[in-house]
Amino acid sequence: MRPSLYKQNAWKSRGQSLLEFALLLPAFMFTIAGIFDLSRGVFYYNNLSEAARSAVRYAIVNGENSTSAAGPCPTESSCDCSDATAPNTGAIRSAAVTRTIAMDTSTSALTVTCSWPDQNSAGTYLNSRGKRVSVTLSYVYQPILTSFIPGANITLQGGATSY
């Protein structure tokens, strides 16, 4: 006895559905992973900006008239915040690092740069009332989808300037 035409078509339809699922699943998973990576990148960028605002606030509150003055850099307007030549700039870096969440805060992944762009007539950089302080944070972000590709990192930057 020959199987009915309905049963033959149902069997072919099941095979077709399985093939379509197998072809579309990788594209769907890459799309979901891409959305996840983009969301992580936006989260890290927002995190860097908030940390920069916190570090700038610390630098302003601890100006040169403070008992624990932070900065400025001795010979140029900008320096690494972990520079030992500038007074107490490590505290500015610590203020930034304490505001970062779920990030690698090692010096190779997170760079904190402080700058005091205003000078007096003698050419020294100032950290007093009414003078600007800028803090820039740079973070090397590696998306999950590019973790197997060497050198496919993205550098995110967040910064803040205040008086």
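Residues numbered from 1 in each chain as written. Predicted model: local features only at pLDDT ≥ 70, side-chain atom pairs only at ≥ 80, totals over all residues. Heavy atoms only, no water.

**What about the side chain of Thr146?**
Working step 1: By the element assignment, Thr146 lies in the loop between β3 (133-141) and β4 (154-162).
Working step 2: In this structure the side chain of Thr146 is engaged in a polar contact, spanning 3.2 Å, whose partner is the backbone oxygen of Pro143.
Working step 3: At 3.5 Å, the side chain of Thr146 and the backbone oxygen of Ala152 are in polar contact. (Helix = DSSP H or I, 4+ residues; strand = E, 2+ residues; numbered from the N terminus. Polar contact = N/O pair within 3.5 Å; in protein donor to acceptor, adjacent residues only side chain to side chain.)

**Considerations on the pattern of salt bridges**
Any two side chains of opposite charge can pair if their charged atoms end up close together.
Working step 1: For the coordinates displayed, the defined rule picks out four salt bridges.
Working step 2: Its salt-bridge partner being Asp37, residue Arg40 comes within 3.5 Å of it at the nearest N-O pair. Of the two residues, Arg40 and Asp37 are both situated in helix α1 (residues 5-61); the distance of three residues between them amounts to about one turn of the helix.
Working step 3: A relative accessible area of 21% means that Arg40 is categorised as partly exposed.
Working step 4: Of the residues examined, Asp37 reaches a relative accessible area of 8% and is grouped as buried.
Working step 5: Where Asp118 meets Arg132, a salt bridge forms, and the shortest distance between an N and an O atom there is 2.8 Å. Of this pair, Asp118 sits in the loop between β2 (110-115) and β3 while Arg132 is found in the loop between β2 and β3, placing the two residues 14 residues apart along the sequence.
Working step 6: With relative accessibility at 30%, the residue Arg132 sits in the partly exposed group. (Salt bridge = Lys/Arg side-chain N within 4 Å of Asp/Glu carboxyl O. Buried < 20%, exposed > 50% of the residue type's maximum accessible area, 1.4 Å probe, protein only.)

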